[in-house]
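Residue-level structure breakdown
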Amino acid sequence: MARYQPHDKFFHRARARGLPSRAAFKLEELLARYRLLPPDARVVDLGCAPGGWLAVLHAALDGRGRIVGVDRVSCAAPGPHVIIIAGDLRAGEVQAAVMDALGDRADLITSDLAPKLSGIRERDQAQSRELIEASLALAARALRPGGAMLAKVFMGAEFPEVRRLFAVHFSRIDVVRTRASRPGSAELYLIARGFRGAGPEVAAASPSAAMATRSQRDD
Ligand SMILES: C[S@@+](CC[C@H](N)C(=O)[O-])C[C@H]1O[C@@H](n2cnc3c(N)ncnc32)[C@H](O)[C@@H]1O
């Protein structure tokens, strides 16, 4: 079994570049591979603290567009066109604050959300399910038709149901790993493109995924 190395090469690279987390490299790689970020894009970054993905999005947009970051834990905004909403994504007022901060429909939603694990399987699965449902509910309100979502998920028994839920909302889904993911990690990324919009068929599909849960050590 792969040994967990907290200070691997990506940790040292992140430090050298002044990035708040090694998670930044995963997003950097996926954005380059899938060209998900149009110039002047409006982006929502879910689970944004401590700010690794925000730093990558900010650098890629180079002062253009708008980025709205959401996390239960507050963190610093890397630039003037980045707005941080501190709160629980599952709360209606937090989703409303995201809509206000965006000002218009988003081109891309990124999600690196990971629940705080209790070690109690049923509770952890329920929390993961709630995060997925909250992310997709926000996407239905905030994403422009044709927009994209990049979301971290975990391979497990519940993965097919998670994928099915995304397929209700998006016309194309790719499942990928990144080079910066830790060896042996169950972490995967869904690249969901072609957002269908919040039509009646989407509203009727009740989210019932139970996402596999893993430790936040994957970051
Ligand atoms: C893996 S970390 C994100 C790392 C970040 N993408 C980066 O690059 O620095 C997962 C984040 O999800 C956040 N989170 C978990 N549940 C949440 C919820 N219900 N609402 C908002 N944020 C949540 C945690 O607070 C944590 O900061």
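The preceding data block contains the structure.
The sections below set out a description of the structure shown in this document. (Residues numbered from 1 in each chain as written. Predicted model: local features only at pLDDT ≥ 70, side-chain atom pairs only at ≥ 80, totals over all residues.)

Examining the overall build of the chain
Along the backbone of the chain there are seven helices and seven strands. Relative to its full complement of 219 residues, the chain shows a buried share of 38%. Partitioning the intrachain contacts of the chain with sequence separation of at least 6 by distance along the chain shows that 71% fall at a separation of at least 24. (Helix = DSSP H or I, 4+ residues; strand = E, 2+ residues; numbered from the N terminus. Buried ≥ 20, exposed ≤ 12 C-beta atoms within 10 Å, placed from the backbone. Contact = placed C-beta atoms within 7 Å.)

Regarding the nonpolar core
Val 44, Trp 53, Val 70, Ile 109, Ala 139, Ala 142 and Met 149 are the most contacted members of the largest nonpolar core, which totals 53 residues. Sorting elements by how many residues they give to this core places helix α5 (residues 121–142) first, with seven residues. The contacts of Val 70, once residues within four sequence positions are left out, are Val 44, Leu 46, Cys 48, Ile 85, Leu 89, Val 94 and Val 98. (Core = buried A, V, L, I, M, F, W, Y, C linked by C-beta atoms within 7 Å.)

Digging into helix α2 (residues 23–34)
With 12 residues, α2 extends 17 Å between its outermost C-alpha atoms, agreeing within 8% with the 16 Å of an ideal straight helix rising 1.5 Å per residue. Of all the positions in α2, only Ala 23, Ala 24, Phe 25, Lys 26, Leu 27 and Glu 28 are classed as buried. Once α2 ends, the next one or two residues include Arg 35, with phi positive near 45°. (Expected span 1.5 Å × (residues − 1).)

Description of the packing of helix α4 (residues 92–102) against α5
Where α4 meets α5, the axes come as close as 11 Å, and the angle between the chain directions of the two elements is 35°. In this structure, the crossing between α4 and α5 has a hand that is right-handed. Here Gln 95, Val 98, Met 99 and Leu 102 of α4 come into contact with α5, specifically with Leu 138, Arg 141 and Ala 142. Per-class residue counts for the contact of α4 with α5 are five nonpolar, one polar and one charged. (Axes fitted to C-alpha atoms, helices over the stretch in contact; angles between N-to-C directions. Left-handed = near helix turned anticlockwise from the far one by under 90°. Nonpolar A, V, L, I, M, F, W, Y, C, P; charged D, E, K, R; others polar.)

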